[in-house]
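Survey of secondary and tertiary structure
Now for the letters of each chain:
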Amino acid sequence: MSSVASVTAGERSRPGRMSIAGWVGLAALAIVLLLAPLIFTHYWLSQILTEALWLGIAASSLTFLHRYGGMTSLGQVAIYGVAGFAMANVVHTVNSEGGLNLGWTPWLGVIFGIAVALLVAFLFGAIASRSYGIYFLMITLALALLVYFFFGQVTQLSGFGGIRSVSHPGFMKDPITDPTPLYYICLGCSVGVYLLMRYVVRTPFGIALQGIRDDPPRMRSLGYNVPLHRTLAFTLGAFVAAIAGILSVWFNTQISPGSIDINQTIAVLIIAVIGGLSRLEGAWIGALAFALIDYYSRQDTPTLGLWLNPGRFNTIIGLVFLLIVLLSPDGLIGIGHRLGRGLAKVRGEHATGVGAARSGADTVTEQAEVPAGGSSSGSEVQEA
Amino acid sequence: MFLKRNVAQEVTRVKRKVRKQWRLDRMAVVPAIALCGLWIAACGGSSSSKSSAAAASSSSSSSTAPASSTASSNTLKIGIMSDCAGAFGAFYNADIGGAQAYFIAHNGAKANGPAPSDGISGGTIAGHPIKIVGYGCANDTAATALKEVRRLVEQDGAQVVIGPLSGDEGIAVANYSKTQPGLTFINGTSGAQDTTLKVQSPNFFRFNGDGAQWNGGVGDVAYRQLGWRHAVVIMDDYAFGWTSAAGFIADFCAAGGTVTRLYPPLGTTDYSSYIAQIPQKFDGLFSAVGGTGTLAFLKQYVQARGPFKSNTLAGNIFLGDPAILAAVHNSDVGALVGQPTTEDTTSANAAAYISALKQAYPASTNSLPKPGTLASLANSVFTVNYYDAAWALDKALTAVHGDLSGGQAALHKALATTSLPDAPYGAITLDKNRQAIVTNYIAKVTTVNGKPGVHTIYAVPNVSQAFGGTFTASTPSPGRGQPVCQKRSLPWQGKEQSVSFH
Amino acid sequence: MRVVARQGPRVLLGALGLAVIVWLFIKATQGGQTFLTETLNGLTLAALYFVVAAGFTLIFGLMRVVNMAQGSLFLFGGYVAFVAQQHWFAGGTSQFQLGGSTTTSVAGWVVPLMFATVVIGLVGLGIQQLFLRWNQGQDLRQALITIAISVIFADQMVAHYGGVVQSIQAPTSWPNTVTIGSFHYPFFRLVVVGGSAVVIGFLLYLLIKRTRFGMIIRAGVDDRPMLSALGINVQLVFAGAFFLGAMLAGLAGVLGGTMISVGPGLDTQFLLNALIVVIIGGMGSIPGAAIGAVLLGLVQSYSSIYLHFGSTDLSPYGVLAQFILVIAVLAIRPLGLFGRPA
């Protein structure tokens, strides 16, 4: 396990030669994203891209906690729901139709929403921090469902069928007629949280967190307060999720208990897994794939009796999810890697007798990238 | 020894090389995948960019004459919004079939196949060829409904949208319609009160009653005919439950009664603790529990308290489902049911409507909630409301001779004054909020040869959304304590007409 | 300081527990019949939860598989029995069909029950053989697989059976209510569901403690590699245990479908309930599941009616009571009341 960590660390710190292909790809992506309002229609900009961005933020918090903390949490949607509802309750809702409607300014509402979400997340984290692996997953799922039922039943806080027409900062104009400002906000937040998470994992806190992921008893014996560490990591993940929650309210212009039901919880999990749980970027890739499947499935699905028709999006995404978990546990990024490796095989290595060595190398590199998540017992690392 | 060490070194060297090699490719993998996805998005976006650009330009200009919106062709582009997933997903084809049946029967369109979602071809309204540009496939949530209506309008270029299906969706679509003032939105089945009473969008028209109107007259009859003075009202603790109960409460309190309210949370399947809170003696019980809970509630009530005493039970439209009545073993024969349509009507208008359905979709199809013909669902609100919407569109557009210019201004004006005196289940007119004033019906549960059935006994004319002033744009929306119980006069008090179709 | 930190939660929770008991006592003396009704409501709900959770915890205890599809199996069991009753005995209700017989014979309930139970057992077995057999040890992956299966299942059930709630008919010859003096209580809930849970609990106890199969299961829970080292066909044992666990879910589905109803959303509800029961009772422990079920059932039942403090009505916040229950148990025992570390 420590060898895995050191190999991974070694790889990252190795000052290798950056390939042209890598930089070109990154630059092209950046250009496309920055100029998106000129390339895509308003509908696509808002319904596909903006949605992919904020869903990606939510999923990235799950990926972060899983990859670097060993904590697979199904509570991210509930956390972002808490943030969204908290904000929606305190700001002015145009039709005064739901929520407490306290009339605060939108920015104050944002801060309040994030603060409440962090508080709730700290509580959840404290409850669940002494559980590991699958047990942790179950507890976060139970807590998330309880949050959903709570908002479903406490209608003073969740409004008359949801809180509608939630007011947002003025410079965003109307997201329906002009989606460009919201798009850039989501893009900026995505880049921001990505850089934040990449930064945190290199800090002492982040390294200790990865140590806790790999071997909690050893970290405890080294003097770290493991439950507190995990709780704080969970809270950090919740910060990212809360941002996604705020953006989701601005995107939908409303929030209701139905926005955070079990379908949404599982959708965020599906997004993270489809994209690939080993890389933070996987979250956004998964979100884009999810949005595309959602769009196309509603019009282009053939009808096969009751089994398949345009309304069976859940079946379709469930099947995609199942296939990915069965065949490529590292999601689309894993598939991309396999293609990349195939490319390397084709391109390099003319040296003889290198076949056996290469298959050995493959196993090592596979171990290096597979997330050492799941459970704390040593045998689980063999997941591949 | 020497050989082994060399091999080990060789392996390590190769490992490093391969690792470095494809790690560099790994750098490119993520942007590559992302760019693939965005390229798909761009393709999908640009292929319909022409139509969306046209829609965008026609919708953004409201005052100038956008000849471009109809200059490209004379076609009238209609989008139909329904639910294909979620609680009401089974009614997808019932909705689409209702609207399209009208076009087939009266505008010369032809069905493309036995299932309504196969589409139609041909047909004209006031000289405009009809084109159904798409079907909105929502799932009973406002977010998806908004997404779908935007797809119909911004991607597919719909000029008129018929729909949506459910309450929350209606409010979202009505709010959206305000951002598209040059288009027309005619409601499907959605029955939330606020959609017209509060949102008041100038281009959103509803030709069916809201959830409260569906119980118009029941409270009055309960007070005058059944002698109830204090009623227990049990409702699902959410929008539809509150609205449905509000219709009864407004009526009953207006006549002079008082109420106790119980609100189990939506999704309750175990009503035992709420049943325990119902007093042992009560004049009457009104059930505004939604479809998902009515069965469970009635069953558990009967198990805990025994059958209802005669004339002590009334309920909203869900109580009239014969299957539910069968499930409680006939123990609530005599119950009153408020509903906006009737199964047993013999009126000529209803007969004409049913024959139009039969003519349009004669074949039995599996695409409906139960295998059968569309006509078998004639009295379902899901079918008839969409039919009436299509009818209103046809009538209004014909009245202005197909004039869609000036942001469809003439059409909006005509629709606001359109009435359907020959509508299948009673005349429909619109009030100043473009909300329908309808005839409501009260039916009684009966038993015929041991089988439960529902017989209509009253028609309540001119049921309006305002309930004699109980509901206005400034009163609080129906909720746990709203409306407040108050005596007042309603237009239809005491004016219920006895009807008998047997 | 550390003593306070450690004992603090226990003292707090002890005080909370005492306050709850005193409150209940007050309410009981105020309305004895209501209290009795509510207690029985809670216990009968607990009976249903126990049956579902017992299957869940058995599968986890032995195979370390978190079967997130347990809720879907529960609901599917209800639907299968409903459709069986409708087609074979024409006594079930259909959403749209007017007519049909309104009486149900005893066979008209028992046969669909047995049919549904076996069918769900086979479905569960199929899931295990197809998807879970070859990746043992990969907890997270198996959980993701069962989640995917539950998503597909839920959508297909809505597609095939519609979104409207249905109900399974109990035999008409059975009485509706049990009457003791002036106290009424639904017969089916009390005798059939409550009785079934007791019988099933007893049978499970016999199975686990007194049969060879049970002995193998207990050994497998303790030390799986040793089990296969002893030459026992571990795959067969796993298959059998999964079959049993799924059967329990199906059986619970039929009972729930008769007592409450079958409809979409029930799978999520019962999955949540099973999760809570197993979290507070301890993974892999059947007695823990029983105690957890009783606690959850009573908390749910009391919190729906007894949260009136004077004029303030806190009933909408009843969900928080379940939340507090989970926190309370996890605070004192992070692995559940009877849980053991992996």
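The shown structure was predicted, so the numbers you read here are calculated from the model rather than taken from an experiment.

**Things to note about the overall build of chain C**
If you tally the helices and strands in chain C, you get twelve helices and four strands. Its C-alpha atoms give chain C a radius of gyration of 21 Å, within 12% of the compact-globule value 20 Å for 342 residues. With 342 residues in all, chain C has 56% of them scored as buried. A separation of at least 24 residues holds for 76% of the contacts in chain C among residues at least 6 apart in sequence. One way to put it: in chain C the 15 positive side-chain charges average out to a point 13 Å from where the 7 negative ones average out.

**Some thoughts on the pairing of strand S9 (residues 230-235) of chain B**
All names here are of chain B. Summarising burial for S9: five of the six residues are buried, a large majority. Pairing of S9 with strand S10 (residues 258-262), which is carried by five bridges, proceeds in the parallel orientation. Paired with Val232 across the bridge in S10 is Thr260. Since S9 and S10 lie parallel, the crossover through helix H9 (residues 239-255) that links them has a hand, and here it is right-handed. Note: S9 against strand S11 (residues 284-288), five bridges, orientation parallel. If you follow Val233 over to S11, its bridge partner there is Phe286.

**Remarks on the pairing of strand S1 (residues 177-180) of chain C**
Residues and elements named next belong to chain C. Pairing of S1 with strand S2 (residues 183-186) involves four bridges; the strand directions are antiparallel. Bridging across to S2, Val178 finds its partner in Tyr185. The loop that links S1 with its antiparallel partner S2 comprises two residues; one of these, Gly181, has a positive phi angle of about 65°.

**Observations concerning the packing of helix H4 (residues 107-132) of chain C against helix H5 (residues 139-161) of chain C**
All names here are of chain C. One can describe the packing of H4 onto H5 by two numbers: an axis separation of 11 Å at closest approach and a directional angle of 130°. Regarding the angle of H4 to H5, the classification is oblique. Relative to H5, the crossing made by H4 is right-handed. Contacts between H4 and H5 involve Val123, Ile127, Phe131 and Leu132 from the first element and Gln142, Ile145, Thr146, Ile149 and Phe153 from the second. Looking at the contact of H4 with H5 residue by residue, the class counts come to seven nonpolar, two polar and no charged.

**So, the packing of helix H13 (residues 348-360) of chain B against helix H14 (residues 381-399) of chain B**
All names here are of chain B. Close contact between H13 and H14 brings their axes to 12 Å; oriented N to C, the two are set at 95°. The orientation of H13 relative to H14 falls into the category roughly perpendicular. Residues Tyr353, Ala356 and Leu357 of H13 touch H14, and the partners they reach there are Thr383, Val384 and Tyr387. A class-by-class count of the residues in the contact of H13 with H14 yields five nonpolar, one polar and no charged.

**Remarks on the state of the cysteines**
Residue and element names in this part refer to chain B. This structure, assessed with the given rule, holds two disulfides over all chains. Two residues share a disulfide in this structure: Cys84 and Cys137, whose sulfurs sit 1.8 Å from each other. Handedness here is read from the sign of the S-S torsion; for Cys84 and Cys137, about 70°, the answer is right-handed. With Cys84 in the loop between strand S1 (76-83) and helix H4 (92-106) and Cys137 in strand S5 (residues 128-138), this pair connects stretches of sequence that are 53 residues apart. Cys84 gets classed as buried once you look at its relative accessible area, which sits at 6%. Of the residues examined, Cys137 reaches a relative accessible area of 0% and is grouped as buried. Residue Cys253 pairs covalently with Cys485 via a disulfide, S to S 1.9 Å. Because the sign of the S-S torsion sets the handedness, a value of about -95° for the bond joining Cys253 and Cys485 places this disulfide among the left-handed ones. With Cys253 in helix H9 and Cys485 in the loop between strand S16 (451-463) and strand S17 (497-498), this residue pair connects regions lying 232 residues apart in the sequence. Assessed through its relative accessible area of 2%, Cys253 is described here as buried.

**Concerning the confidence of the model for chain B**
Close inspection of predicted coordinates is inappropriate for parts of the model with low pLDDT. On average, residues of chain B carry a pLDDT of 83, and 86% of them reach 70 or more. Low pLDDT, under 50, characterises residues 46-72 of chain B; the predicted model gives this stretch 22 contacts beyond four residues in sequence or across chains.

**Some words on the packing of aromatic side chains**
Residue and element names in this part refer to chain A. Under the counting rule described, the total for this entry stands at 50 aromatic pairs over all chains. Consider the rings of Trp107 and Trp250, whose centres lie 6.2 Å apart with planes at 90°: the pair is edge-to-face. Separated by 143 residues along the polypeptide, Trp107 in helix H6 (residues 106-128) and Trp250 in helix H12 (residues 226-252) bring together distant segments of the chain. Assessed through its relative accessible area of 48%, Trp107 is described here as partly exposed.

**Description of the confidence of the model for chain C**
Residues and elements named next belong to chain C. Within chain C, residue pLDDT values average 85, and 94% of them lie at 70 or more. Below pLDDT 50 for its whole length, residues 91-101 participates in 32 contacts with residues either more than four positions away or in separate chains. Predicted complex metrics record ipTM = 0.87 and pTM = 0.85.

**A look at the pattern of salt bridges**
Opposite charge on two side chains permits them to pair, given that their charged atoms come into close proximity. By the definition in use, this model includes twelve salt bridges over all chains. A salt bridge links Arg298 of chain A to Asp294 of chain A; its shortest N-O distance comes to 3.1 Å. Taken together, the positions of Arg298 of chain A and Asp294 of chain A, both in helix H14 (residues 281-300) and four residues apart, correspond to about one turn of that helix. The exposure classification of Arg298 of chain A matches that of Asp294 of chain A, with both residues buried. Put simply, Asp155 of chain C and Arg312 of chain A hold a salt bridge, and the shortest N to O gap is 2.9 Å. Of this pair, Asp155 of chain C sits in helix H5 while Arg312 of chain A sits in the loop between H14 and helix H15 (313-327), which puts the two residues in different chains. For Asp155 of chain C, a relative accessible area of 7% gives the class buried. A residue is classified by how much of its surface remains accessible, and Arg312 of chain A, at 5% relative accessible area, is buried. Several salt bridges share partner residues, and in doing so they unite Glu51, Asp294 and Arg298 of chain A together with Lys147, Glu148, Arg151 and Asp156 of chain B into one network.

The rules we used
- Residues numbered from 1 in each chain as written.
- Chains lettered and ligands numbered in written order.
- Predicted model: local features only at pLDDT ≥ 70, side-chain atom pairs only at ≥ 80, totals over all residues.
- Heavy atoms only, no water.
- Helix = DSSP H or I, 4+ residues; strand = E, 2+ residues; numbered from the N terminus.
- Rg over C-alpha atoms; globule rule 2.2 N^0.38 Å.
- Buried < 20%, exposed > 50% of the residue type's maximum accessible area, 1.4 Å probe, protein only.
- Contact = heavy atoms within 4.5 Å.
- Lys, Arg positive; Asp, Glu negative; His and termini not counted.
- Charge placed at Lys NZ, Arg CZ, Asp CG, Glu CD.
- Pairing = 2+ DSSP bridges.
- Right-handed = clockwise from strand over helix to strand, strands pointing away.
- Axes fitted to C-alpha atoms, helices over the stretch in contact; angles between N-to-C directions.
- Parallel < 35°, antiparallel > 145°, perpendicular 65-115°, else oblique.
- Left-handed = near helix turned anticlockwise from the far one by under 90°.
- Nonpolar A, V, L, I, M, F, W, Y, C, P; charged D, E, K, R; others polar.
- Disulfide = S-S within 2.5 Å.
- pLDDT = per-residue confidence, 0-100.
- Phe/Tyr/Trp six-rings, centres within 6.5 Å; stacked < 30°, edge-to-face > 60°.
- Salt bridge = Lys/Arg side-chain N within 4 Å of Asp/Glu carboxyl O.

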